[in-house]
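# Understanding the architecture of this molecule
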Amino acid sequence: MNFLLIIVGIVLLILGGDWLLKSAVALSLKLKISKVVIGMTVVSFATSAPELIVSINAALTGSSDLALGNVIGSNVANLGLVLGITLLLGSMGVSKDFYKLNWPVMMIASLLLYFFLLSDSVIVWWEGLFLFVFLICFIVYLLRSQKEFDLDDIIEEEILLPNHKTFFYFLIGGLGLWGGSELLIKGATSLALEFGVTERVIGVTLVSIGTSVPELAASVIAVLKKEKAISLGNLIGSNIFNILAVIGITSIITPVSLSDQRLLSSDILWMLAISFSILLMVLLPKKFKLNWVNGVLLLGAYCAFIYVII
């Protein structure tokens, strides 16, 4: 029964994330926001919505390790699993904005999370507020520095939605995420108790992979369609949102405390290491180009991460 709850929960999260993504992109197009900003903000936030709902739900029910493990595990999965699989399907060009803005912001957010937890093993409301304000400043900067909007470059027929459909997808997407998170949290926590597995392990592995499925689906579909709108920037943006929005908003609502110290001594260090390795891959040996070799390395790193965790 617990496995069934987890599977149904993940399916609802996938569908909910997809529906919310459609409405979010349609809305952003009506506002004439550029491709880069859409990828780093609207798309990233929509695909991070499952992590946000799951983490808030987990924290409110006293499962803070599940909330933290979900975010840390999702960030590792986005770069190791999702980007790894995506690169096996096709090479990817990387813009210079990657090392000038996107990657530094992701690393700063990751280090802030690490040092906030290192100080007292809890993220309180003012620390969460600091993370969220940092996110707002980042979004404002992106909006102000966006390049000229090119309608022909970004619009596909399937995302040109009328207002009523945009609202409908937003509504059912939100309901799907809420229902999916309820079932996923209930099934995951019960499974952990049943098999004697810690919430940390469940959060970093099963739950994080489940909530990273929207990013995986979006990236694979984009490669198969030869569509460049979903790129490394979207995954970097998702990681930024996972920390600054998910942990930020969750800790504003309720303190996020750390029970299992291995999240701090092991898991988050893996997240930092894989995040740093992306910079090396982008710059070496061929600048601003990622290929299948990088994909194999990232998948290998993710498998090693899962092996160490379990």
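The structure presented is a predicted model; accordingly, all values stated were derived computationally and were not measured.

Quick notes on the rules
- Residues numbered from 1 in each chain as written.
- Predicted model: local features only at pLDDT ≥ 70, side-chain atom pairs only at ≥ 80, totals over all residues.
- Heavy atoms only, no water.
- Helix = DSSP H or I, 4+ residues; strand = E, 2+ residues; numbered from the N terminus.
- Buried < 20%, exposed > 50% of the residue type's maximum accessible area, 1.4 Å probe, protein only.
- Areas by Shrake-Rupley, 256 points an atom, 1.4 Å probe, with all protein chains shown as cover.
- Contact = heavy atoms within 4.5 Å.
- Phe/Tyr/Trp six-rings, centres within 6.5 Å; stacked < 30°, edge-to-face > 60°.
- Expected span 1.5 Å × (residues − 1).
- Bend = angle between axes of the 7 residues up to and from the residue.

Turning our eyes to something else, we now look at the overall build of the protein. Along its length, the protein carries 11 helices and four strands. For the protein, buried positions account for 55% of its 310 residues. In the structure as shown, the protein presents an accessible area of about 13800 Å², 70% of it carried by carbon and sulfur atoms.

Here S266 shows up in helix α10 (residues 262-283). Discounting residues that sit within four places of it in the chain, S266 has contacts with V308 and I309.

Right, let's get into the packing of aromatic side chains. Centre distance and the angle of the planes are the two values used to describe a pair of aromatic rings. Scanning all chains against the criterion turns up seven aromatic pairs. Look at Y302 and F305: their rings are 6.0 Å apart centre to centre, the planes differ by 40°, and that puts the pair in the tilted class. Here Y302 pairs with F305, and both are found in helix α11 (residues 292-309), just three residues apart, close to one helical turn. Given the relative accessible area of 5%, Y302 is considered buried. Judged by its relative accessible area of 0%, F305 falls in the buried class. Aromatic rings pair up to connect F116, W126 and F130 into one cluster.

Of note, T254 is situated in the loop between α9 (232-253) and β3 (256-257). Through-space distance from the C-alpha of T254 to that of I56 is 8.4 Å; in sequence the pair is 198 residues apart. Apart from the residues lying within four places of it in its own chain, the contact partners of T254 are A59 and L60.

Turning to helix α4 (residues 97-120), a few remarks are in order. With 24 residues, α4 ought to run about 34 Å at 1.5 Å a step, and its terminal C-alpha atoms sit 34 Å apart, in line with that. At W103, α4 shows its strongest bend, of approximately 35°, with the proline P104 following within four residues. A positive backbone phi angle near 60° is found at S121, which sits one or two residues after α4.

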